[in-house]
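# A look at the structure
Below are the chains, spelled out letter by letter.
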Amino acid sequence: MKEYLWWQTGVVYQIYPRSFKDTTGNGVGDLAGVIEQLDYLTETLDVDAIWLSPFYPSPMADFGYDVSDYTDIHPLFGDLAIFDELVAQAHRRDLHIIVDLVPNHSSDQHPWFLESRSSRDNLKRDWYVWADAKPSSLQRRHSDGAPDGAPPNNWLSVFGGPAWEWDEATGQYYLHSFLKEQPDLNWRNPAVKAAMFDVVRFWLERGVDGFRIDVAHYIMKDPDMRDNPPNPNAQGSLLRRPREYDTLLHLHDKGHPDVHGVFREFRQLLDGYSAERPRFSVGEIHIFDWQKWASYYGEELDELHMPFNFSLMNVAWQARDIRQVVDELEAAIPPGAWPNYVLGNHDHTRIVARYGRAQARVAAMLLLTLRGTPTLYYGDEVGMNDVPIPPELEQDPFGLREPGFGRDSNRTPMQWSPAPNAGFSAPNVRELWLPLASDYEEFNVERQLAEPRSILDLYRRLLRYRKSSPALQWGGYQPVDGAPDACYVFLRHAQGRGRILVVLNFSAEEQRVVLPALGEGTIAVSTHLDREGAVSLDELVLREDEGVIIELSD
Ligand code: NOJ
């Protein structure tokens, strides 16, 4: 029988280190806090891997996604010895460690950029993307040192405004796809690639099992730096209202086909370390054209192990729409490539805020029963909600630049207990880096562990069940027709190792599902956690907001 690897059968849990567990009393989470919670991760939840958002030295302009040293730990989070301890302790428990690699941009305080901007003939000048101003029609010199002309092209920063920053001292613009404090590295320069691959080796040699690659498709842009064309259909998305950034089609500022060559080499590098034990990569790739998206697996499945699949977050929460994206995805995935799903992360509003508490349970069942690797976001398992952040406490640079787009609400401290500071920091700590949810006394790990049928209880049940079920871990997927509109029904089947029917009611009304051809089965899990046992598919009644996992005979 084919052997599946840990990142295929396993479940990944994302930790935003600032917000997971503070052991030093400064109101910010740290790596020692992650070590403290290893029991929770491996015993209470029993996940297989943790992905740690950046913990590197950083001025924190974008809370760590502006790295000023790729091979060290920010003192806020600990040091390399603590990191090594975390890896050792995690590995003893069979928990894999995935770190965040941020290759598209560094901090503007990184020594590479400080050198690069020091003069036009510095040896590292070409490590970043520098360009002359486009001469203005007036061709006049500004007395205040302002650029003699316009930015080199019309590219925009994801966080608002132009993607170009004028550097007065050297008289050129540099590119920043995100903040001006995050200059884009020039991946067309082989020295940059070599330096970043050394970073990858550094962490592989320290024992990490894989990388989550920040905005992976951004690293290669149009070499001619052509203007982006206007977007005739600037509607934003389900997650975001339209804004200036959406007025252009982002054809030239990211995703140039040359990106694939880089990921082929990157994969070879990882594979070189995989004889010892399999290493893994997942790219953050927000592309919703499935052919393009799937190209990041590589034509020979020789690039990323998987591009993150954000499709579920990008459709209406309705059975029909969800089924449609899953079916499209299943059709687009190249043979042999491994799918994955995600419903939340540090950039998006939380599941509870999006779908409500009742449907959050259906969401948990969907995520943990689809084919492929699920990634959970810390706190979703206890039903953490978005936390309203008063303007004077807002920290996220995105929200500060573009009101309404802040991501602080979904990055608030983990809710461990009903104690003051929710067990995130010691009770006497005066200030946490972000405010706690007002309902943390109800939604926290300690309380929910003692409460049968809590959402945490449901996540634990689903995780345990998934681990025991070959059909869920690696079986095939097949949608089932004939259910009411409000329900999404699919089969997962592992030849001879089990056949499972998942029935999800996306509505707040009772639904009758009549699928007599499927015969009889046994309910293994209901999202309400109050029923198990024999059931006939002649007529299955699902209560409002209920999902069930049913074992069918093979
Ligand atoms: C994507 C990350 O997930 C996000 O948090 C960050 O702000 C941008 N990339 C820039 O690194």
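Structure first, text after, so check above.
Residues numbered from 1 in each chain as written. Predicted model: local features only at pLDDT ≥ 70, side-chain atom pairs only at ≥ 80, totals over all residues. Heavy atoms only, no water.

So, about the overall build of the protein. For the protein, the helix and strand inventory stands at 15 helices and 19 strands. Whereas a compact globule of 554 residues would reach a radius of gyration of roughly 24 Å, the protein reaches 24 Å, a difference of no more than 12%. By its C-alpha atoms, the protein is 80 × 55 × 50 Å across when sized along the principal axes. Counting over 554 residues, the protein shows a buried share of 60%. As displayed, the protein offers around 21,300 Å² of accessible surface, 49% of which is attributable to carbon and sulfur atoms. (Helix = DSSP H or I, 4+ residues; strand = E, 2+ residues; numbered from the N terminus. Rg over C-alpha atoms; globule rule 2.2 N^0.38 Å. Buried < 20%, exposed > 50% of the residue type's maximum accessible area, 1.4 Å probe, protein only. Areas by Shrake-Rupley, 256 points an atom, 1.4 Å probe, with all protein chains shown as cover.)

Below, the discussion takes up the pattern of salt bridges. The final tally for this structure, using the stated rule, is 40 salt bridges. The salt bridge partner of arginine 277 is aspartate 209, with a shortest N-O separation of 2.8 Å. Separated by 68 residues along the polypeptide, arginine 277 in the loop between α7 (259–273) and β8 (280–283) and aspartate 209 in the loop between α6 (190–205) and β7 (210–213) bring together distant segments of the chain. On the basis of relative accessible area, aspartate 209 is assigned to the buried category, the value being 0%. Put simply, glutamate 284 and arginine 212 hold a salt bridge, and the shortest N to O gap is 3.3 Å. (Salt bridge = Lys/Arg side-chain N within 4 Å of Asp/Glu carboxyl O.)

With respect to spatial proximity, 14 residues lie near the ligand, and among them Asp62, His105, Asp214, His346 and Asp347 are the closest. Taking histidine 346, its side chain carries an N or O atom lying 2.8 Å from an oxygen atom of the ligand. For the ligand, whose accessible area on its own is 300 Å², the fraction buried by protein is 98%. Here the shell around the ligand is composed, by residue class, of four nonpolar, three polar and seven charged. (Near = heavy atom within 4 Å. Polar contact = N/O pair within 3.5 Å; in protein donor to acceptor, adjacent residues only side chain to side chain. Nonpolar A, V, L, I, M, F, W, Y, C, P; charged D, E, K, R; others polar.)

Below, the discussion takes up unusual backbone geometry. Unusually for a residue other than glycine, methionine 60 sits at a positive phi of about 65 degrees. Position of methionine 60 among the secondary structure elements: in the loop between β2 (49–52) and α4 (80–92). Owing to a relative accessible area of 12%, methionine 60 belongs among the buried residues under this scheme. Positive phi outside glycine occurs at asparagine 421, with the angle close to 65 degrees.

Another aspect to go through is the nonpolar core. Here is a general trend for soluble globular proteins: nonpolar side chains tend to be buried in one another's company. If you look at the biggest cluster of nonpolar residues, it comprises 152 residues, and the most contacted ones within it are Tyr13, Leu41, Phe55, Trp203, Phe211, Phe266 and Tyr488. Residue contributions to this core peak at eight residues, all from α6. Among the domains, domain 1 (6–103 + 189–461) and domain 2 (475–552) are the pair contributing at least three residues each to this core. Setting aside chain neighbours within four positions, we find tryptophan 203 in contact with Phe55, Tyr56, Tyr70, Thr71, Asp72, Ile73, Leu80, Phe83, Val208 and Phe211. Residues Val480, Val489, Val513 and Ile550 belong to the second largest nonpolar core, which totals 17 residues. (Core = buried A, V, L, I, M, F, W, Y, C linked by side-chain atoms within 4.5 Å. Domains from an automatic or database assignment. Contact = heavy atoms within 4.5 Å.)

Before going further, it helps to spend a moment on α7. With 15 residues, α7 extends 22 Å between its outermost C-alpha atoms, agreeing within 8% with the 21 Å of an ideal straight helix rising 1.5 Å per residue. For α7, the complete set of buried residues consists of Val259, His260, Val262, Phe263, Phe266, Arg267, Leu269, Leu270 and Tyr273. Of the surrounding secondary structure, the elements contacted by the buried residues of α7 are β3 (96–101), α6, β7 and β8. (Expected span 1.5 Å × (residues − 1).)

The next point concerns the sheet that holds β3. Taken in spatial order, the eight strands of this open sheet run β9-β8-β7-β3-β2-β1-β11-β10, and their pairing is parallel. Looking at strand neighbours, the two that pair on one side only are β9 (306–307) and β10 (340–342), the edges of this open sheet. Relative to β8, β7 runs parallel, the two being bridged by four bridges. Paired with isoleucine 213 across the bridge in β8 is glycine 283. (Pairing = 2+ DSSP bridges.)

Regular strands have side chains that alternate between both faces of the sheet. Among the seven residues in strand β16 (residues 520–526), five count as buried, and that is most of the element. Looking at chain direction, β16 and strand β17 (residues 533–536) are connected through four bridges and run antiparallel. Each bridged residue has a counterpart across the sheet, and for isoleucine 523 the counterpart in β17 is glycine 533. Taken together, β16 and the strand that follows it, β17, pair antiparallel across an intervening segment of six residues, in which leucine 529 is found at a positive phi of about 55 degrees.

Here we take up the packing of helix α11 (residues 357–367) against helix α14 (residues 455–468). Closest axis-to-axis distance for the α11/α14 pair is 10 Å, and the angle between their directions is 15 degrees. Relative to α14, α11 is oriented roughly parallel. In the packing of α11 onto α14, the handedness of the crossing is right-handed. Contacts between α11 and α14 involve Ala360, Arg361, Ala364 and Met365 from the first element and Ile455, Leu458, Tyr459 and Leu462 from the second. Tallied by class, the residues present in the contact of α11 with α14 amount to seven nonpolar, no polar and one charged. (Axes fitted to C-alpha atoms, helices over the stretch in contact; angles between N-to-C directions. Parallel < 35°, antiparallel > 145°, perpendicular 65-115°, else oblique. Left-handed = near helix turned anticlockwise from the far one by under 90°.)

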